[in-house]
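As a plain string of letters, each chain reads:
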Amino acid sequence: GQAITLSGGITANFAAGASMSLATPITLAADQTFQNLNTGFLRMEGVDLGGHALTLSGSGGQFLAGGAGKITGAGRITKKGRGPAVLLDAVWRRA
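Novice: What is the right way to look at the sheet that holds strand β1 (residues 4-6) in this model?
Specialist: Adjacent strands of a sheet form backbone hydrogen bonds with each other and so pair up, either parallel or antiparallel. Reading across the sheet, the three strands line up as β1-β4-β7 and stay open at both edges, with parallel pairing between neighbours. At either margin of the open sheet sits one strand with a lone partner, and together these are β1 and β7 (47-48). Here two bridges tie strand β4 (residues 26-28) to β7, and the two strands are oriented parallel to one another. Within β7, the position partnered with Ile26 by the bridge is Val47.

Novice: What's the story with the sheet that holds strand β9 (residues 61-65) in this structure? I'm lost.
Specialist: The sheet built from four strands is open, its strands ordered β3-β6-β9-β11 with parallel pairing. For this open sheet the edge positions go to β3 (20-22) and β11 (85-87), each flanked by a neighbour on one side alone. Across the sheet, the mean angle from the axis of one strand to that of its neighbour is 10°, orientation sign disregarded. When strand β6 (residues 41-45) meets β9, the two strands line up parallel, connected through five bridges. Paired with Glu45 across the strands is Ala65, a residue of β9.

Novice: I would appreciate a short explanation of the nonpolar core in the present structure.
Specialist: Generally speaking, a soluble globular protein has its nonpolar side chains buried in company with each other. Ranked by size, the top nonpolar core spans 15 residues in total, and within it Ile10, Ile26, Phe34, Met44, Leu54 and Leu64 carry the most contacts. For this core, the elements supplying multiple residues, two or more each, are β2 (10-12), β4, β6 and β8 (52-58). For Ile26, the residues in contact, after removing those within four places along its chain, are Ile4, Leu6, Ile10, Phe34, Met44, Gly46, Val47 and Asp48.

Parameters and conventions
Residues numbered from 1 in each chain as written. Predicted model: local features only at pLDDT ≥ 70, side-chain atom pairs only at ≥ 80, totals over all residues. Heavy atoms only, no water. Pairing = 2+ DSSP bridges. Helix = DSSP H or I, 4+ residues; strand = E, 2+ residues; numbered from the N terminus. Axes fitted to C-alpha atoms, helices over the stretch in contact; angles between N-to-C directions. Core = buried A, V, L, I, M, F, W, Y, C linked by side-chain atoms within 4.5 Å. Buried < 20%, exposed > 50% of the residue type's maximum accessible area, 1.4 Å probe, protein only. Contact = heavy atoms within 4.5 Å.

This is the structure:
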């Protein structure tokens, strides 16, 4: 899909037990929160942190994966809330 530059975060609130996938590259334009308010998984492919902080929060799971892309770019990822976080195919570099 077409690339997205995101500046306002994501809040997912879909049907109970369902999951949602975003298979388009996302670049963060500011610090962001991806919040999943449900019990299913929110799956994103190809996230470029762009030098910004990403907070994963909520009661549902978050799945950041490769596929169409990897987790790239400088920045940090923080996990808050009960839901699990799965990070796959990340490119990690220590300064």
